[in-house]
Amino acid sequence: MDNAMDRLSPYADGYERFFTAEIEPSLAEMEKKRREVARKIKRSLVLALVAFVLFLACLVPPWFGAAFSAGMEPYRGGGMMAGLFVSAVFLFRAGYLTIGVQGDFKEVVVGRTCTFLGLDYARSSSDFPVDRFRETGLCSGFDDSTIEDAISGEHKGVALQLCQASLERRGGSSDSGSSTSTAFKGVLLIYRFPKRFHGATVVLPDATWAGNLVVGLRQEGQRVTLEDVGFEDRFEVYSSDQVEARYLLTPRFMERVVALGRMFDEDGGGLSMAFDGSDLLIAYRTPLKLFVGAGVFTDFTDRAHIGPILKELAMLLEIVDVLKLDDRSGSA
């Protein structure tokens, strides 16, 4: 019998049964732990608030009257430090507990759903080739990277990788230490193409004429003019091999890229891609995280959390279908 979760994606057939057998029992056990952790977090937040009130009371002594404040004056500095320290400790404890229980949820739901889809999952990774996105110009220069949700596998003979990345750029030193800024935050994907490319072709979001001028100065290749007006309105293309770029970006392939952008958001404005070596690199810039699921104050057994995760993971496979990356004929 057809089920609601089995209709979420063309790759979800049988997921309802898999979920019931392989995921739901673990979530029932984890729900008990979540409730206990939620109570600890609430207590930590209350204690943090009490400690912060102590800090404010020492910072603004008249709260307790002039006579009391005068008597407490010798202890004022120590009270402020103690209030801030204790408040920070309990806030840190609350954050640590939250990360732990949500990480356990993700390990079970995302990890086992990946298994269902024939993929491998790791909560973090030190060997995802993030530097390739800098080398191809998809992500502006960065110094540090944080990688989450590293997923890899194969679909229809196409090897693929995904991660969620936060790339930071270090600024100059100042009196308060080195400053940092976000160079990129979003999703990075790599698909092994059925053929090797001779040149380097990059597809970037259109950034208006002024922005495109600045971006173009940083590109090694030349701008490629294409006939698809809809594509040209959304993207700018640069390539070291104009002939190959037009061979790759056929009208059909450009239609698929626009469709892919809409899979991520309404205008696809955060999407960029590069043909590099034998791989298609895709970067999608977004402040939102994928595979979030349940929060620490929500019921882990509520199936409403599962559908979005399944759809987001299945999208990794659907990109192969949308872009026809399994086409071994060499025709895009």
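The model shown is predicted, which means the values in this text are computed figures rather than measured ones.

Some words on the overall build of the chain
Regarding its fold elements, the chain presents nine helices and nine strands. Taking all 332 residues of the chain together, 43% fall into the buried category. Sequence-distant contacts, at least 24 apart, represent 69% of the contacts inside the chain between residues at least 6 apart.

Section: the packing of aromatic side chains
Following the criterion strictly, the structure yields nine aromatic pairs and no others. Note on Y15 and F116: the rings are 5.1 Å apart at their centroids and 70° apart in plane angle, and the pair reads as edge-to-face. Pair noted here: Y15 is in helix α1 (residues 15-59) and F116 is in helix α3 (residues 76-116), with a separation of 101 residues, a long-range link. The positively charged end of R134 is found above the aromatic ring belonging to F142, 4.2 Å away from the centroid.

Some words on the sheet that holds strand β8 (residues 271-276)
One open sheet holds the nine strands; their spatial order is β1-β2-β3-β4-β9-β8-β5-β7-β6, and the pairing between them is antiparallel. In the strand order of this sheet, the two ends are held by β1 (119-124) and β6 (222-224), each with one partner. The sheet shows a mean angle of 20° between the axes of neighbouring strands, direction not considered. Across five bridges, β1 lies against strand β2 (residues 144-155) in antiparallel orientation.

Thoughts on the confidence of the model for the chain
Caution applies to low-pLDDT regions: their predicted coordinates should not be interpreted in detail. On average, residues of the chain score 79 in pLDDT, and 76% of them are at 70 or above. Averaged pLDDT values over the elements of the chain bottom out at 51 in helix α2 (residues 66-72) and peak at 92 in β2.

Some words on the nonpolar core
Of all hydrophobic cores here, the largest spans 64 residues; its most connected members are Y191, I282 and L323. Here this core takes 10 residues from helix α9 (residues 306-323), the largest share from any one element. Not counting the four nearest positions on each side in its chain, L323 is found in contact with F253, R256, V257, L260, M273, L280 and I282. Formed by 20 residues, the second largest nonpolar core is a distinct cluster that contains L167, V202, A274 and A283.

With respect to unusual backbone geometry
Even without being a glycine, D149 presents a positive backbone phi close to 50°. The topology assignment puts D149 in strand β2. Despite not being glycine, F291 shows a phi value in the positive range, around 55°. Structurally, the position occupied by F291 is in the loop between β9 (279-285) and α9. A relative accessible area of 1% places F291 in the buried class.

As for the packing of helix α8 (residues 251-264) against α9
Following both chains from N to C, one finds α8 and α9 inclined at 160°, their axes separated by 9 Å at the closest point. Classified by the angle their axes make, α8 and α9 are roughly antiparallel. The handedness of the crossing between α8 and α9 comes out as right-handed. Every residue of α9 that contacts α8 at F253, R256, V257, A259, L260, M263 and F264 is listed here: M315, E318, I319, V322 and L323.

Brief notes about the pairing of strand β7 (residues 235-239)
Counting buried positions along β7 gives five out of five residues, so the element sits mostly inside the fold. Burial of the side chains of β7 extends over both faces: F235, V237 and S239 are buried on one face and E236 and Y238 on the other. In the sheet, strand β5 (residues 201-205) pairs with β7 via five bridges, with the strands oriented antiparallel. Along β7, the bridge assignment pairs V202 with Y238.

Section: the pattern of salt bridges
Scanning the model with the defined rule gives 18 salt bridges in all. One salt bridge connects D104 with K33, and the closest N-O pair in it is separated by 2.9 Å. Within this pair, whereas D104 is found in helix α3, its partner K33 is found in helix α1, the two being separated by 71 residues in sequence. Look at D104 and you get partly exposed, because its relative accessible area is 27%. For K33, a relative accessible area of 44% translates into the label partly exposed. Residue E107 pairs with R123 through a salt bridge whose shortest N-O separation is 3.7 Å.

With respect to the side chain of S239
Structurally, the position occupied by S239 is in strand β7. Here the side chain of S239 touches T201 through a polar contact of 2.8 Å, side chain to side chain. Setting aside chain neighbours within four positions, we find S239 in contact with A200, T201, G221, Q222, V224 and A245.

How each quantity is defined
- Residues numbered from 1 in each chain as written.
- Predicted model: local features only at pLDDT ≥ 70, side-chain atom pairs only at ≥ 80, totals over all residues.
- Heavy atoms only, no water.
- Helix = DSSP H or I, 4+ residues; strand = E, 2+ residues; numbered from the N terminus.
- Buried < 20%, exposed > 50% of the residue type's maximum accessible area, 1.4 Å probe, protein only.
- Contact = heavy atoms within 4.5 Å.
- Phe/Tyr/Trp six-rings, centres within 6.5 Å; stacked < 30°, edge-to-face > 60°.
- Lys NZ or Arg CZ within 6 Å of the ring centre and 35° of its normal.
- Pairing = 2+ DSSP bridges.
- Axes fitted to C-alpha atoms, helices over the stretch in contact; angles between N-to-C directions.
- pLDDT = per-residue confidence, 0-100.
- Core = buried A, V, L, I, M, F, W, Y, C linked by side-chain atoms within 4.5 Å.
- Parallel < 35°, antiparallel > 145°, perpendicular 65-115°, else oblique.
- Left-handed = near helix turned anticlockwise from the far one by under 90°.
- Salt bridge = Lys/Arg side-chain N within 4 Å of Asp/Glu carboxyl O.
- Polar contact = N/O pair within 3.5 Å; in protein donor to acceptor, adjacent residues only side chain to side chain.

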